[in-house]
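Here's the letter readout for the chains.
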Amino acid sequence: MNAVANSALALSLLPIVLLFTSTASAQDPATTTTTTSTAATSSETPDNDGMQSAFGVKGGVNWSTLYVKEAKDVNTRLGGHFGFFGRVAPTGGLGIQVELLYDQKGATFTRNVDSVDQQTTYKFDYVSLPVLVVVPLGEVVELQAGAYVAAMIVSERKREGDVANVTTDPGDGKFNPFDYGVIGGLGINIDRVQFGARYNHGLGTIADNDISRLVLGDSKNASFQVYLALALGKRD
């Protein structure tokens, strides 16, 4: 399970690696001679031209949490997300962006029962499909808002404390296999690169049987994301 989490975090940094790779290749001497000839026309091209209608990769960091009843200390889970996106966003008009992501969520909380402290860590990994409306707020800044659906592919519960130290990976219906919710955030486009921040608010409860509801109640996912997206191709 740790190997899966570490691999996911590593892959979430893939767009950053690709960005530096593409930047280095752009410094090839063979392309330097064209810089002067295109300088006069570059000022006529919007800074976000590379993100108007494109597809590519994206990845970043998640800070996720859960609302848990009677928990006296709730800590966020640090995770990652990575995947692909496609968008059609004409200059000055509304656009649409669709993504397919591997998304890590969860939280750690401490609960006191009969004067006994028990710390529980939940890790939930999803394959998520966000669909967003893109609203331009200028030449380089845009508002993103929409919804997502997700399928849980990894679930882990780890307990530490006065009662027991146990790690389980339940696949027996303790947790809802699907999630859905709303998304909102901002993006900054610089040529083929987008930097952004986003909040995801789950609307589906996580617990899916009486046992898990005793601990989680009607808890829902919530996460804040910071990401980098890199357009690899562009639609003319």
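Before reading on, note that the structure itself is shown above.
Since the structure is predicted, the reported quantities are computational estimates derived from the model, not experimental observations. (Residues numbered from 1 in each chain as written. Predicted model: local features only at pLDDT ≥ 70, side-chain atom pairs only at ≥ 80, totals over all residues. Heavy atoms only, no water.)

Caption draft 1: Quick look at the overall build of the chain. Each helix and strand counted, the chain has five helices and nine strands in total. Counting only residues that meet the buried cut, the chain has 40% of its 236 residues in that class. Carbon and sulfur atoms provide 62% of the accessible area of the chain, an area that totals close to 12,200 Å². (Helix = DSSP H or I, 4+ residues; strand = E, 2+ residues; numbered from the N terminus. Buried < 20%, exposed > 50% of the residue type's maximum accessible area, 1.4 Å probe, protein only. Areas by Shrake-Rupley, 256 points an atom, 1.4 Å probe, with all protein chains shown as cover.)

Caption draft 2: Expanded view of a nonpolar patch on the surface. A cluster of nonpolar side chains, contributed by Val88, Ile96, Val98, Leu100, Val127, Leu129, Val131, Val149, Ile153, Tyr180, Val182 and Leu203, occupies part of the molecular surface with about 930 Å² of accessible area. Residue classification places Val149 among the partly exposed residues on the basis of a relative accessible area of 46%. (Patch = residues over 30% accessible without salt bridge, like charges linked within 9 Å, V, L, I, M, F, W, Y side chains within 5 Å. Salt bridge = Lys/Arg side-chain N within 4 Å of Asp/Glu carboxyl O.)

Caption draft 3: Region of the structure containing the packing of aromatic side chains. All told, the structure shown has six aromatic pairs when counted by the stated rule. Summarising the aromatic geometry, the rings of Tyr122 and Phe124 are spaced 5.8 Å apart at their centres and angled 25° between planes, so their arrangement reads as stacked. Its relative accessible area of 0% is what places Phe124 among the buried residues. An angle of 65° between the planes, with centres 5.0 Å apart, marks the rings of Phe124 and Phe175 as edge-to-face. Of this pair, Phe124 sits in strand 4 (residues 116-136) while Phe175 sits in the loop between strand 6 (166-168) and strand 7 (178-190); the two residues are 51 residues apart in sequence, bridging distant segments of the chain. Neither residue differs from the other here; Phe124 and Phe175 are each classed as buried. (Phe/Tyr/Trp six-rings, centres within 6.5 Å; stacked < 30°, edge-to-face > 60°.)

Caption draft 4: Main features of empty space enclosed by the protein. For the structure on display, the rule yields two cavities of 30 Å³ or more. Leu101, Asp103, Ser128, Pro130, Tyr148, Ile183, Arg198, Asn200 and Gln225 together form the lining of the second largest cavity. Within the residue set of the lining of the second largest cavity, elements represented by two or more residues are strand 3 (95-113), strand 4 and strand 8 (193-205). In terms of residue class, the lining of the second largest cavity is built from four nonpolar, three polar and two charged. (1 Å grid on protein atoms, 1.4 Å probe; cavity = no way out; pocket = protein on both sides within 12 Å on 5 of 7 lines; lining within 4 Å. Points joined across faces, edges and corners; volume = space filled by probe spheres on them. Nonpolar A, V, L, I, M, F, W, Y, C, P; charged D, E, K, R; others polar.)

Caption draft 5: Looking closely at the pattern of salt bridges. Counted according to the given criterion, the structure contains five salt bridges. Salt-bridge contacts for Lys58 lead to Glu99; the nearest nitrogen and oxygen are separated by 3.2 Å. Here Lys58 is found in strand 1 (residues 53-66), whereas its partner Glu99 is found in strand 3, with 41 residues between them in sequence. Each member of the pair, Lys58 together with Glu99, is buried. Between Asp125 and Arg77 there is a salt bridge, and its shortest N-O distance comes to 3.0 Å. Of this pair, Asp125 sits in strand 4 while Arg77 is found in strand 2 (residues 71-88), placing the two residues 48 residues apart along the sequence. Assigned by exposure class, Asp125 and Arg77 land together as buried. One connected set of salt bridges, linked through shared partners, spans Lys58, Glu99 and Arg198.

Caption draft 6: Representation of the environment of Ala197 in the model. Mapped onto the elements of the fold, Ala197 is located in strand 8. Judged by its relative accessible area of 29%, Ala197 is partly exposed. C-alpha separation for the pair Ala197 and Gly184, spaced 13 residues apart in sequence, amounts to 8.7 Å.

Caption draft 7: Spotlight on the side chain of Asp125. On the accessibility criterion, Asp125 (2% relative accessible area) is buried. In this structure the side chain of Asp125 is engaged in a polar contact, spanning 2.7 Å, whose partner is the side chain of Tyr102. (Polar contact = N/O pair within 3.5 Å; in protein donor to acceptor, adjacent residues only side chain to side chain.)

Caption draft 8: Structural detail: the environment of Gly60. Summarising the element assignment, Gly60 is placed in strand 1. Considering only alpha carbons, one finds Gly60 and Phe195, 135 residues apart in sequence, at a separation of 9.7 Å.

Caption draft 9: Quick look at the pairing of strand 7. One ladder, built from ten bridges, connects strand 7 with strand 8; its direction is antiparallel. For Gly184, the partnering residue across the bridge sits in strand 8 and is Tyr199. What sits between strand 7 and strand 8 in their antiparallel hairpin is a turn of two residues, with Asp191 showing a positive phi close to 55°. (Pairing = 2+ DSSP bridges.)

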